[in-house]
Amino acid sequence: VPEPDVNQLTTIFTSLVFLAATQDIAVDGWALTLLSKENLSYASTAQTIGLNTGYFLSFTVFLAFNSTDFANKYFRSVPSEIPLLSLGAYLQFWGFACYAVTLGLLIFKKEDPVAADDPDLNLKKVYEIMWSICKLKHVQSICIIHLVAKIGFQANDAVTSLKLVEKGLSKEDLALAVLIDFPAQIIGGWYAASWSRGSRPLRPWLWAFWVRLGFAAGAMALVYFFPNIKPVPSSYFWGIVAFTVLSSFSSTVQFVGVSAFHTQISDPLIGGTYMTLLNTVSNLGGTWPRYFVLKGVDMFSEATCHVEQEGSEILMKATECVSEHGKATCTDLGGTCVTERDGYYIVSWICIGLGASILVFYIWPTAKRLQALKRSQWRVNTSI
C-alpha cells in the first residue's frame, strides 16, 4: 500500500474549503437581496435547515451506513464485513450533486442587472470595507460576545459524547440518536425563526443560554448514571435520545436567533462579506475553547492501572493512563485503567460557572444594548 501523500491531500482540501467559503459568502449576500425586510429572519431558517441537512447527510448518515456494525444490527439478517456505503462512492455522488446544483443555478437563475448607483467594489475595496466594519465599536462588542459566548457549554459539546462512548455506548446507538434528532432540528429551525422576528431577534438567543447551561449540567448526570450492564437498557437509550433532541433544539434556537440578527444588521451592498465576518467570529468562539477543555479534562483526571499478576492484584499508579498512549500501555501490561477522578466533571462545572457569569455580567446587557441600535449605525461608507 503506497504511503498517503499528505501534501497533496492538504492542497486538495484547502482548495475545496476555499471554494466552499467563496460560495458561502455569495449565498449569504444573495439571501439579503432575495428576501424582503420583514422576511429577513427566514434567511437564518434556510441556513439552519441547509446546514443541518448537509451535516446530517455528510456526517451522520455516512458514518452510520459506513459502519458494518450498524448495518449488521439494523439492516442485515446475515452479518457481513462490507459496509453499505463506501467513502469513495459517497464522495463521488455528492461531488456530482454539487456540480448539478451549481450548473442549474448558473443556467436557470437570471440575475438582475447591476444598478448604475451600485458601488464598484474591487478586492482591495472589499478588504478596506471589512476593516471599516471591524473598527465599529458595536461590531467589536458583538465579536467579543461571540468569542466568549460558547464557553459555558463547551465541555458538554466537546466531551459528553466521548464520555458516553468511553463508558460503553456504541457508536451505532449514538449515530441512531443523531438520526432521530435530525427532523426535530428542521422543525425547531422553523419555529425559532418566528421567535426571532421583529425588533428583538436576540431575545430567544439570550433565553436559550440558560437552557443550554442547564443541559450542560444535565449531561454530567447522564454520564455519571451510565448503567453498568450490557447492552444499554432501552430506557436509558431513549433518555439519551430525548436529551440529544432537546439540547440540539436549544442550540438551533440560538443559531437561528443570532443568524437572524446578523441578517438584520448586515448592509445588503456587502451583505455576504458582513455576515461571513460575523459568522466566522462566532464559529471561532466555538472552537478555540475546546483545546483548553480537552487539556483540562486530562489535567484534572487521575487514573490507576490495575494489573493482576499470579493471582494477586498490583496497583500501578499511572497518571498517563488518562491519555490514549497510557491506556494502550496499561492494556499491553494486561491491566485495566480505573478512573479515580474524572476531570470531565470539574471542567464542566468550571465552564458552566464561567458561562453563567459572563452571561449575566456582560453578554445579557451588551446584547440588549446592541439590538436596540438603529440599523443605520451598523452601516459603513462604501465609497471609501
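Fair warning: this is a prediction, and the values are worked out from it, not measured in the lab.

Moving on, we come to the overall build of the protein chain. Looking only at helices and strands, the protein chain has 13 helices and three strands in total. For the protein chain, the C-alpha atoms occupy an extent of roughly 90 × 50 × 40 Å along the three principal directions.

What follows covers the nonpolar core. Most often, soluble globular proteins keep nonpolar side chains buried together rather than apart. Within the largest apolar cluster, 52 residues are counted, with the highest numbers of intra-cluster contacts made by I133, V139, L164, W205, Y274, Y344 and I363. Secondary-structure elements contributing two or more residues to this core are α5 (123–135), α6 (137–148), α7 (154–167), α9 (203–224), α10 (234–265), α11 (271–300) and α13 (343–371). When residues no more than four places from it in sequence are discounted, the contact partners of L164 are L169, L222, V223, F226, Y236 and I240. Core analysis: the next-biggest nonpolar cluster, separate from the first, contains 14 residues, F56, F182, F237 and V241 among them.

Direction vectors running N to C along α6 and α13 enclose 145°, while the axes themselves pass 10 Å from each other. Remark: the crossing between α6 and α13 carries left-handed chirality. Where α6 approaches α13, its residues H138, S141, I142, I144, I145 and V148 are matched on the opposing element by I358, Y362, I363, T366, A367, R369 and L370.

A few words now on the packing of aromatic side chains. Across all of its chains, the model carries 15 aromatic pairs by this definition. Ring geometry for F226 and Y236: centres 5.2 Å apart, planes at 80°, overall edge-to-face. One end of the pair, F226, is in the loop between α9 and α10; the other, Y236, is in helix α10, and 10 residues separate them in sequence. Like Y236, F226 is buried. Residues Y344 and Y345 carry aromatic rings whose centres are separated by 5.2 Å and whose planes lie at 65° to one another, so their mutual orientation is edge-to-face. Across this residue pair, the class does not change: Y344 and Y345 are buried. Ring pairs connect the aromatic residues F62, Y90, F93 and W94, which therefore count as one cluster. Lying over the aromatic face of F153, R212 brings its terminal NZ or CZ to 3.8 Å of the ring centre.

Looking now at the pattern of salt bridges. Under the criterion given, the structure shown has four salt bridges. Ionic pairing is found between R212 and D157, a salt bridge with its closest N-O pair at 3.1 Å. On the criterion of sequence distance, the pair formed by R212 in helix α9 and D157 in helix α7 is long-range, its members being 55 residues apart. Using a relative accessible area of 10% as the deciding quantity, one classes R212 as buried. Measuring nitrogen to oxygen at the nearest pair gives 3.1 Å for the salt bridge that ties K163 to D342. With a gap of 179 residues between them, K163 in helix α7 and D342 in the loop between β3 (336–341) and α13 connect regions that are remote in the sequence. Since its relative accessible area comes to 13%, D342 is described here as buried. One salt-bridge network, held together by shared partners, links K163, E166 and D342.

Now for the state of the cysteines. Counted under the stated rule, the structure contains zero disulfides. Considering cysteine sulfurs only, C134 is the nearest to C143, which forms no disulfide, with 6.3 Å between them. With relative accessibility at 16%, the residue C143 sits in the buried group.

Attention now moves to the UniProt feature "transmembrane region" (unreviewed entry) in the protein chain. Under the feature "transmembrane region" (unreviewed entry), the UniProt entry names residues 48–67, 87–108, 174–193, 205–225, 237–261 and 343–364. Helix makes up 100% of residues 87–108 and strand makes up 0%, while its end C-alpha atoms are separated by 32 Å. In this annotation, residues 343–364 is assigned 100% helix and 0% strand; the end-to-end C-alpha distance for the span is 29 Å.

Right, let's talk about a nonpolar patch on the surface for a bit. Taken together, the side chains of Y99, L103, L106, I107 and F108 make up a nonpolar region of the molecular surface, amounting to roughly 640 Å² of accessible area. Among the secondary structure elements, I107 is positioned in helix α4 (residues 87–108).

Before going further, it helps to spend a moment on the side chain of H138. For H138, the position within the fold is in helix α6. Since its relative accessible area comes to 14%, H138 is described here as buried. A distance of 2.4 Å separates the side chain of H138 from the backbone oxygen of Q377, its partner in a polar contact. Excluding anything up to four places from it in sequence, H138 contacts L370, L373, Q377 and W378.

Turning our attention to α7. Look at α7: 20 Å from first C-alpha to last across 14 residues, which is about the 20 Å you get at 1.5 Å a residue. Taking the largest bend as the criterion, α7 deviates by roughly 35°, centred on T160. Buried within α7 we find Q154, A155, N156, A158, V159, T160, K163 and L164. Where α7 terminates, the next one or two residues include G168, which has phi positive at roughly 130°.

Thresholds, definitions, all that
- Residues numbered from 1 in each chain as written.
- Predicted model: local features only at pLDDT ≥ 70, side-chain atom pairs only at ≥ 80, totals over all residues.
- Heavy atoms only, no water.
- Helix = DSSP H or I, 4+ residues; strand = E, 2+ residues; numbered from the N terminus.
- Core = buried A, V, L, I, M, F, W, Y, C linked by side-chain atoms within 4.5 Å.
- Buried < 20%, exposed > 50% of the residue type's maximum accessible area, 1.4 Å probe, protein only.
- Contact = heavy atoms within 4.5 Å.
- Axes fitted to C-alpha atoms, helices over the stretch in contact; angles between N-to-C directions.
- Left-handed = near helix turned anticlockwise from the far one by under 90°.
- Phe/Tyr/Trp six-rings, centres within 6.5 Å; stacked < 30°, edge-to-face > 60°.
- Lys NZ or Arg CZ within 6 Å of the ring centre and 35° of its normal.
- Salt bridge = Lys/Arg side-chain N within 4 Å of Asp/Glu carboxyl O.
- Disulfide = S-S within 2.5 Å.
- UniProt positions renumbered as here; feature names shortened; annotations may be inferred.
- Patch = residues over 30% accessible without salt bridge, like charges linked within 9 Å, V, L, I, M, F, W, Y side chains within 5 Å.
- Areas by Shrake-Rupley, 256 points an atom, 1.4 Å probe, with all protein chains shown as cover.
- Polar contact = N/O pair within 3.5 Å; in protein donor to acceptor, adjacent residues only side chain to side chain.
- Expected span 1.5 Å × (residues − 1).
- Bend = angle between axes of the 7 residues up to and from the residue.

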